[in-house]
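# Understanding the architecture of this molecule
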Amino acid sequence: MDIKSGHSSPVMTDSPQMSNPRLTVRQSRPPYSSSSSSAAAATAVSQNNNLLLTVPRKKTGILDDVKANAWLDAMIASSPTPALVNKDNDATTDMTYQEWTVKYPSALTTFEKIMSVGKGKRIALFLDYDGTLSPIVEEPDAAYMSSDMRTAVQNVAKYFPTAIISGRSRDKVYEFVGLSELYYAGSHGMDIMSPEGESLYHKHLSRTVSINEQGKDVNLFQTASEFLPMIDKVLCSLVESTKDIKGVKVEDNRFCISVHYRNVEEKNWTLVAQCVDDVIKTYPKLRLTHGRKVLEIRPVIDWDKGKAVTFLLESLGLNNCEDVLPIYVGDDRTDEDAFKVLRNGPNHGYGVLVSAMPKVSNAFYSLRDPSEVMEFLKALVTWKRSLG
Ligand SMILES: O=P(O)(O)OC[C@H]1O[C@H](O[C@H]2O[C@H](CO)[C@@H](O)[C@H](O)[C@H]2O)[C@H](O)[C@@H](O)[C@@H]1O
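Not measured: the values here are computed from a predicted model.

Next up on the list: the overall build of the protein chain. Looking only at helices and strands, the protein chain has 13 helices and 14 strands in total. For the protein chain, with 388 residues in total, the buried portion stands at 53%.

In structure tokens:
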């Protein structure tokens, strides 16, 4: 949900280094800031179960009721905890899931049908990272992908151009995946990098910059560079304003910021929302979206994962082609922008939603979890090899 613009998400729940070093090297600030539970903060919070009262009215301005409710609803709905999923995973829930798969069939059970469309076409593969290639875990910096998953991605990339599209910073997601043959789009697509030796091209914008980092030639396409100073300031403010909320983690995603509340007691979520609102309301050029137990702050520019997919298809010479089948696999609200582009745009393709819970989506197909994603990637390789 886009709080600032009032747009609502279609998803029901969850939820040039050479000339400018900032383009590739900005590691001076740590990627995360975690709060410590100082005694004073703990006292302040525990004394105030009504969290709206914990914030001095004069300085901060209170979230109005409507906005507070909307934020809280979205925060509560964002990705049920594993415990909740397990608790509810009874026959009724399974039945509901089965019914849901009538509308969003499993990409595994309908694999042959999908590939009958893919036959004779060039397939381009787009993969989200968190919740798709790696399971959702409590600590964002521990969201490693398994070596089996890495092998599956490596194999599929031998046959199909493959891109990782993530809300994380490009550097971080590259660090997790570690495959130089892929395209990477970090910061929700605002920071795109080609594999070594490949170029990036955009007919409207000439922001492609060649860099030479540690002897490697790569190309970057960055749509939000002018926002970096603002993002830096907002990051500092958010770190400061949330430092006393136990469990909060503010993550530097370079062109965007994630404020994680997964490890914050639910009674303190309003306080998190309040801190974020207090900071970003003075920045009309920033907007807020909801992810899986995370508030994501990013520039208001008309760029998202869907635009990144279109850009990459264009770069690859695969846009508006009848003989191309783009497939995007993702689990989160921000992936819906890409699903929408593949469903409605000229680059017809298939979105595959990764979810163990029924959700409204613009995807065509579904997979339950990252293990099914791995099976799907392996099936793609087997299918391609079978064609000879
Ligand atoms: O676009 P994605 O690659 O899916 O990134 C979206 C966010 O993913 C990460 O947060 C999520 O995964 C964490 C690890 O499993 C989990 O702890 C957190 O609750 C989830 O929201 C990442 O840390 C965020 O910065 C990304 O925006």
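Next comes the rest of the description.
Turning to the state of the cysteines, a few remarks are in order. Summed over the entire model, instances satisfying the criterion amount to 0 disulfides. In this structure Cys256 is not part of a disulfide, and its nearest cysteine sulfur, from Cys236, lies 16 Å away. Assessed through its relative accessible area of 2%, Cys256 is described here as buried.

As a further point, take the environment of Gly186. With respect to the secondary-structure elements, Gly186 resides in strand 4 (residues 183-186). With a relative accessible area of 0%, Gly186 lands in the buried category. In sequence terms Gly186 and Arg170 are 16 residues apart; their C-alpha atoms lie 3.9 Å from each other. For Gly186, the residues in contact, after removing those within four places along its chain, are Ser166, Arg168, Ser169, Arg170 and Asp191.

A word on the packing of helix 9 (residues 228-241) against helix 10 (residues 269-280). It is the contact of helix 9 with helix 10, at a shortest axis distance of 10 Å, that shows an interaxial angle of 145 degrees. When you trace helix 9 past helix 10, the crossing you get is right-handed. Where helix 9 approaches helix 10, its residues Val234, Ser237, Leu238 and Ser241 are matched on the opposing element by Cys275, Val276, Val279 and Ile280.

Our next topic: the pattern of salt bridges. Counted according to the given criterion, the structure contains 15 salt bridges. Salt-bridge contacts for Asp128 lead to Lys305; the nearest nitrogen and oxygen are separated by 3.1 Å. Taken together, the positions of Asp128 in the loop between strand 2 (122-127) and helix 7 (147-159) and Lys305 in helix 11 (residues 305-315) put the pair 177 residues apart, joining distant regions of the chain. In terms of burial, Asp128 and Lys305 fall into one category: buried. Across the salt bridge formed by Arg292 and Asp331, the nearest N and O atoms sit 2.3 Å from each other. Of this pair, Arg292 sits in the loop between strand 10 (286-291) and strand 11 (294-299) while Asp331 sits in the loop between strand 12 (324-330) and helix 12 (336-344), and the two are 39 residues apart along the sequence. Judged by its relative accessible area of 1%, Asp331 is buried. One network of salt bridges, with partners in common, ties together Arg170, Asp171, Asp191 and Arg254.

The immediate surroundings of the ligand are formed by 21 residues, with Val137, Glu251, Arg262, Arg292 and Glu296 found nearest. Compared with its free state, where it exposes 570 Å², the ligand has 100% of that area covered by protein. Mapped onto the shell around the ligand, the elements with two or more residues apiece are strand 9 (257-260) and strand 11. Considering only residue class, the shell around the ligand consists of 7 nonpolar, 5 polar and 9 charged.

Let us now look at the pairing of strand 9. Alternating positions in strand 9 separate into two faces, Ile257 and Val259 on one and Ser258 and His260 on the other, with burial throughout. Summarising the sheet, strand 8 (residues 249-252) and strand 9 pair through 4 bridges and their orientation is antiparallel. Opposite Asp252, over in strand 9, you have Ile257 as the bridge partner. Hairpin connection of strand 8 to strand 9: 4 residues between the antiparallel strands, including Arg254 at a positive phi of 70 degrees. Sheet topology note: the strand 9/strand 11 ladder contains 4 bridges and is antiparallel. Bridge pairing in strand 11 links His260 to Val294.

This paragraph deals with the packing of helix 11 against helix 12. Between two packed helices, the angle of one axis relative to the other and the distance separating the axes together describe the packing. Where helix 11 meets helix 12, the axes come as close as 6 Å, and the angle between the chain directions of the two elements is 50 degrees. If you check the angle between helix 11 and helix 12, you find them oblique. On the side of helix 11, the interface is formed by Lys305, Gly306, Val309 and Thr310, while helix 12 contributes Asp337, Ala338, Val341 and Leu342. Grouping the amino acids of the contact of helix 11 with helix 12 by side-chain chemistry returns 4 nonpolar, 2 polar and 2 charged.

Most peptide bonds take the trans form, and the phi angle of most residues other than glycine is negative. Residue Ser187 is not a glycine yet carries a positive backbone phi of 50 degrees. Within the fold, Ser187 resides in the loop between strand 4 and strand 5 (191-193). By relative accessible area, Ser187 is classed as buried at 0%. Backbone geometry at His188 places phi at a positive 55 degrees, although glycine is not the residue there. Turning to its location among the elements, His188 is positioned in the loop between strand 4 and strand 5.

Another point: the nonpolar core. Within the largest apolar cluster, 59 residues are counted, with the highest numbers of intra-cluster contacts made by Val272 and Val276. Among the elements that take part in this core, helix 10 stands out by supplying 8 residues, more than any other. The next biggest cluster of nonpolar side chains, apart from the first, holds 42 residues, and it includes Tyr129, Val156, Val373 and Phe376.

Calculation rules
Along each chain, numbering runs from 1 in the same order as the chain's sequence is written. Note on the predicted model: pLDDT of at least 70 is required for a residue's local features to be given, and 80 or more for side-chain atom pairs to be given and counted; whole-chain, interface and lining totals, by contrast, use all residues. By convention in this description, side-chain values take in all heavy atoms of the structure and omit both hydrogens and water. Strands are runs of DSSP state E lasting at least two residues, helices are runs of H or I lasting at least four, and both sets are numbered from the N terminus onward. Relative accessible area decides the class of each residue, using a 1.4 Å probe on protein chains only: under 20% of the type maximum gives buried, over 50% gives exposed, and in between gives partly exposed. Two cysteine sulfur atoms make up a disulfide if the distance between them is within 2.5 Å. Every residue pair with non-hydrogen atoms within 4.5 Å of one another is taken to be in contact. Helix axes are fitted to C-alpha atoms over the stretch in contact, other axes to C-alpha atoms as well, and angles between N-to-C directions run from 0 to 180 degrees. Crossing handedness follows the turn of the near helix against the far one: under a right angle anticlockwise gives a left-handed crossing, and clockwise gives a right-handed one. Each reported salt bridge corresponds to a side-chain nitrogen of Lys or Arg within 4 Å of a carboxyl oxygen of Asp or Glu. Throughout, the term near means that a residue has one or more heavy atoms lying within 4 Å of the molecule or strand in question. Every accessible area reported is derived by Shrake-Rupley at a probe size of 1.4 Å, with residue values counting cover from the shown protein chains alone. When residue character is reported, Ala, Val, Leu, Ile, Met, Phe, Trp, Tyr, Cys and Pro are called nonpolar, Asp, Glu, Lys and Arg charged, and the others, Gly included, polar. Strands qualify as paired when DSSP identifies two bridges or more between them. To sort the angles, those under 35 degrees are grouped as roughly parallel, those over 145 as roughly antiparallel, those from 65 to 115 as roughly perpendicular, and the leftovers as oblique. Take the buried residues of types Ala, Val, Leu, Ile, Met, Phe, Trp, Tyr and Cys, join any two whose side-chain atoms come within 4.5 Å, and each joined set is a nonpolar core.

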